[in-house]
Protein chains: 2
Amino acid sequence: MPKLSAKEHCLNDLRHRILMVDLEPGADLDEVSLADQYGLSRTPLREVLQRLAGKGLVVLQANRGAKVAPMDLATMRTFFQTAPLVYANIARLAAELRTSSQLDDLKAAQSAFLAGTRARDPGATALANHRFHAVIGEMAHNPYLSAALARLLIDHTRLSQTFYRPASPAEQVLVVKASDQHDAMISAIEAQEAALVTDLTLQHWDLSRDRLERFVRPDPLPVDVISLKDKRHAV
Amino acid sequence: MPKLSAKEHCLNDLRHRILMVDLEPGADLDEVSLADQYGLSRTPLREVLQRLAGKGLVVLQANRGAKVAPMDLATMRTFFQTAPLVYANIARLAAELRTSSQLDDLKAAQSAFLAGTRARDPGATALANHRFHAVIGEMAHNPYLSAALARLLIDHTRLSQTFYRPASPAEQVLVVKASDQHDAMISAIEAQEAALVTDLTLQHWDLSRDRLERFVRPDPLPVDVISLKDKRHAV
DNA sequence: GCTCGTAGTTTTGTATACAATGTGTACGCA
DNA sequence: TGCGTACACATTGTATACAAAACTACGAGC
């Protein structure tokens, strides 16, 4: 069991809280309060913030402290525009270049994902999903595209959390479908079938996008209030 | 005139030296010597290193200091594989989304590039070229692809420096051609002709790749040493 | 003779005190 | 009353001293 230093715990926990939108996009981060919250002095805490800034999780403002990386409308637009390109290319490279130990990591991430869904734990599920796709990024052995992927995954995970609502039956079906796609991707990556993985990845993206869109643009409220009244007891 | 703090100067200068391969890939960076070299204490210097690490210019090794980001064979292979994809997509977005002030920045970078070539200053030329493509990255308004682009440009600039040899006449022709392509790209971006910019960018990439390849795989030495002797005075 | 262990040195990591910068508020003046 | 300035407070940035970890070299044991 690797014993984590206070600094490592701080880094992981802040990362976790940002991805879970426990710390909201744009939120100011106070050095002193975070420092004694994690039981370290400001010096190493500032290094943690610099590191998080390097990964794109926070942004530093000179003489004005750090804040959680914001997510405005423009960001989201760009996200939807860019994700399929990067995901597809990463997936293709992953199929070609994956090592067997990375394949084990991927299967472990998928196990965690399944466990999360079974436990109805949206946070754990989202985090495992993040890990799953991050491992595919590692498989691609491409530092350039991985830099883009890492930033995409940050916003992808945060968007999922933002729009998540306690599992409706329809939602649950989609999650199961996503899990099946994960399994298919694992098989294809293991068999190194690059074209197939690319295709599966794009299907997976479409599912994810539909799921996000469903919350951004929900079904409109019924215009006819009277008829709604009649249906009240039909639920 | 913006007065630079010692810290900003340190950041810029280290960046500069890394891009110019004055600091070679993989070189160890000693905190204390760098600290008094730039006249600041270790605390802010470490922050500078963290920032450079975030940009991908250096890599940090826990309890074992920092070193300049290495460039091994695998990196170069990946670079050539990935560059056209990112450059082309960035260029297309830049044409669509550029602002007029960014267009001014781009023209300024091209002026600097031209000045560098005229002065036969390979360092200044490479840096201006870096800036030129970085501005196109800014125009794309896409933080995800920009992250990939930034890392590509680091290695692109370093490769150019590594393989640069004092301008042969043939080499000079290629630089002029590159400059012309820059001008064409500026016009196309100004006119927001996305398809044209994408095409020009890929042509520009081909030129750059040919130039790099020329040095990686130069013409073989003449096998027939005797006949070479006869030609000695013909040069 | 080689390996392992250990002491000393060098280098990195952390805490704290202090300086500088930014921010808010209250007061004076028009 | 409105605006500007100045002062006080809060927060960030820097330096230095100290602690911990890694590297080196030397010596003992097998």
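Everything that follows concerns the structure shown earlier in this document.
A. Broad picture of the packing of aromatic side chains. Within the structure shown, the criterion is met by ten aromatic pairs over all chains. Aromatic side chains Phe80 of chain A and Trp205 of chain A sit 6.0 Å apart centroid to centroid with 50° between the ring planes, which places their arrangement in the tilted category. Taken together, the residues span a long stretch of sequence, with Phe80 of chain A in helix α4 (residues 73–97) and Trp205 of chain A in helix α9 (residues 194–216) at a distance of 125 residues. A residue is classified by how much of its surface remains accessible, and Phe80 of chain A, at 24% relative accessible area, is partly exposed. Under the relative-accessibility criterion, Trp205 of chain A is labelled buried at 5%. Here the aromatic cluster, defined as three or more aromatic residues joined through ring pairs, consists of Phe79, Phe80, Tyr87 and Trp205 of chain A together with Tyr144 of chain B.

B. Focus on the layout of surface pockets. Of the volumes computed, that of the largest pocket is approximately 1400 Å³. Lining the largest pocket are 46 residues; nearest its centre among them are Pro143, Ser146, Ala147 and Ala150 of chain A together with Arg151 of chain B. Of all the elements in the fold, those that place two or more residues in the lining of the largest pocket are α1 (6–19), α3 (42–55), α6 (122–139) and α7 (143–163) of chain A together with α3 (42–55), β2 (58–60), α4 (73–97) and α7 (143–163) of chain B. When residues of the lining of the largest pocket are assigned to their parent elements, the largest contribution, nine residues, is made by α7 of chain A. The class makeup of the residues in the lining of the largest pocket is 22 nonpolar, 13 polar and eleven charged. Counted as a void, the second largest pocket has a volume near 1100 Å³. Arg151 of chain A together with Lys55, Ser146, Ala147 and Ala150 of chain B are, among the 34 residues lining the second largest pocket, the residues nearest its centre. Put simply, the parts of the chain that give the lining of the second largest pocket at least two residues each are α3, β2 (58–60) and α7 of chain A together with α3, α6 (122–139) and α7 of chain B. Ranked by the residues each element gives to the lining of the second largest pocket, the list is headed by α7 of chain B, at nine residues.

C. Spatial organisation of the pattern of salt bridges. Enumeration according to the criterion identifies 22 salt bridges over all chains in this entry. Its salt-bridge partner being Arg42 of chain B, residue Glu31 of chain B comes within 3.0 Å of it at the nearest N-O pair. Here Glu31 of chain B, found in helix α2 (residues 31–37), pairs with Arg42 of chain B, found in helix α3; they are eleven residues apart in sequence, far enough to count as distant. The partly exposed category is assigned to Arg42 of chain B, whose relative accessible area is 43%. Residues joined in a network through salt bridges with shared partners are Lys7 and Glu47 of chain A together with Glu31, Arg42 and Arg46 of chain B.

Cut-offs applied
Residues numbered from 1 in each chain as written. Chains lettered and ligands numbered in written order. Predicted model: local features only at pLDDT ≥ 70, side-chain atom pairs only at ≥ 80, totals over all residues. Heavy atoms only, no water. Phe/Tyr/Trp six-rings, centres within 6.5 Å; stacked < 30°, edge-to-face > 60°. Helix = DSSP H or I, 4+ residues; strand = E, 2+ residues; numbered from the N terminus. Buried < 20%, exposed > 50% of the residue type's maximum accessible area, 1.4 Å probe, protein only. 1 Å grid on protein atoms, 1.4 Å probe; cavity = no way out; pocket = protein on both sides within 12 Å on 5 of 7 lines; lining within 4 Å. Points joined across faces, edges and corners; volume = space filled by probe spheres on them. Nonpolar A, V, L, I, M, F, W, Y, C, P; charged D, E, K, R; others polar. Salt bridge = Lys/Arg side-chain N within 4 Å of Asp/Glu carboxyl O.

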